[in-house]
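Commentary on secondary and tertiary structure
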Amino acid sequence: MRSPIRTAGVLSALALTLGGAVVAAPTVRADIPACTQMAMQAGATDTGSVSAACSRGVVGDLQSCVSGLSAAGVAGGAASGACRMAAHEPR
């Protein structure tokens, strides 16, 4: 009778340990430097505005990111590509 209780306890502990590892896993880092570099190569001149816009791309606000980069002098297609790059993990 004790064996099934012990087995259930061990399985419960294992499930909690593995679940905690998933919760404690680090989040995916964004690639803000790649976004910034791409925007600067496309003609942006204000690094502060570019960094702010790329930071908005990290959280998934691509429309705001593209608007910010466009205001900083980046053409539409390059701004969109840079914002999509911001949301990806660095390679």
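Sequence order sets the numbering: in each chain, residues are counted from 1 along the sequence as written. Since the coordinates come from a predicted model, pLDDT governs what is reported: local features require at least 70, and pairs of side-chain atoms require 80 or more to be given and counted, while whole-chain, interface and lining totals use all residues. Heavy atoms from the whole structure form the basis of all side-chain values; hydrogens and water molecules are not counted.

Put simply, DSSP marks the helices as runs of H or I at least four residues long and the strands as runs of E at least two long, and each gets a number from the N terminus on. Counting its regular elements, the chain contains 5 helices and 0 strands. Along the chain, helices (α) and strands (β) appear in the sequence α-α-α-α-α when read from the amino end. Nonlocal contacts in the chain, meaning residues at least 24 apart in sequence, comprise 57% of its contacts between residues at least 6 apart. Total accessible area on the chain stands at roughly 6,000 Å², and carbon and sulfur atoms take up 62% of it. Any pair of residues with heavy atoms lying within 4.5 Å of one another is described as a contacting pair. Per-residue and other accessible areas follow the Shrake-Rupley method at a 1.4 Å probe size, with only the shown protein chains counted as cover for residues.

So, on to the nonpolar core. Throughout this description, the term nonpolar core refers to a set of buried Ala, Val, Leu, Ile, Met, Phe, Trp, Tyr and Cys residues connected via side-chain atoms within 4.5 Å. Only protein chains enter the calculation, and the probe is 1.4 Å; a residue is then buried if its accessible area is under 20% of its type maximum, exposed if over 50%, and partly exposed in between. The biggest cluster of nonpolar side chains holds 14 residues, and the ones touching the most others in it are Cys35, Ala39, Ala44, Val50, Cys54, Leu69 and Val74. If you list the elements that add at least two residues to this core, you get helix H2 (32-41), helix H3 (47-58), helix H4 (62-71) and helix H5 (76-86). Aside from chain neighbours lying at most four places away, what touches Ala44 is Ala39, Val50, Ala72, Gly73 and Val74.

What follows concerns H2. Listed as buried for H2 are Ala34, Cys35, Thr36 and Ala39. Trailing H2 by a residue or two, Gly43 shows a phi angle of about 115°, which is positive.

As a further point, take H4. Among the residues of H4, Cys65, Gly68 and Leu69 are the ones counted as buried. Taken end-on, H4 shows its buried residues confined to a sector of 95°, consistent with a single buried face. Within H4, the exposed residues directed more than 90 degrees away from the buried face are Gln63 and Ala71. Looking at the residues trailing H4, positive phi occurs at Gly73, about 100°. Starting at the helix axis, one direction is taken to each C-beta atom, and the arc is that of these directions.

Where the model shows low pLDDT, its predicted coordinates should not be examined in detail. One number per residue, pLDDT, summarises how confident the predictor is, and it ranges from 0 to 100. On average, residues of the chain score 77 in pLDDT, and 64% of them reach the 70 mark or higher. The weakest mean pLDDT in the chain belongs to helix H1 (residues 2-23) at 56; the strongest belongs to H4 at 93. Across residues 21-28 the pLDDT falls below 50, and counting only partners more than four positions away or on other chains, this stretch makes 1 contact in the model.

This part is about the environment of Gly48. Along the polypeptide, Gly48 turns up in helix H3. Spatially, the C-alpha atom of Gly48 lies 9.8 Å from that of Thr36, the residues being 12 residues apart in sequence.

To continue, consider the state of the cysteines. Any cysteine sulfur atom paired with another within 2.5 Å is treated as part of a disulfide. Enumeration according to the criterion identifies 2 disulfides in this entry. Residue Cys65 pairs covalently with Cys83 via a disulfide, S to S 1.9 Å. Between Cys65 and Cys83, the S-S dihedral sits near -90°, and the bridge is therefore left-handed. Residue Cys65 is found in helix H4, and its partner Cys83 is found in helix H5; the two are separated by 18 residues along the sequence. Classification of Cys65 by relative accessible area gives buried; the value is 0%. By sequence-ordered numbering of the bonded cysteines, the chain has its disulfides arranged as 1-2, 3-4.

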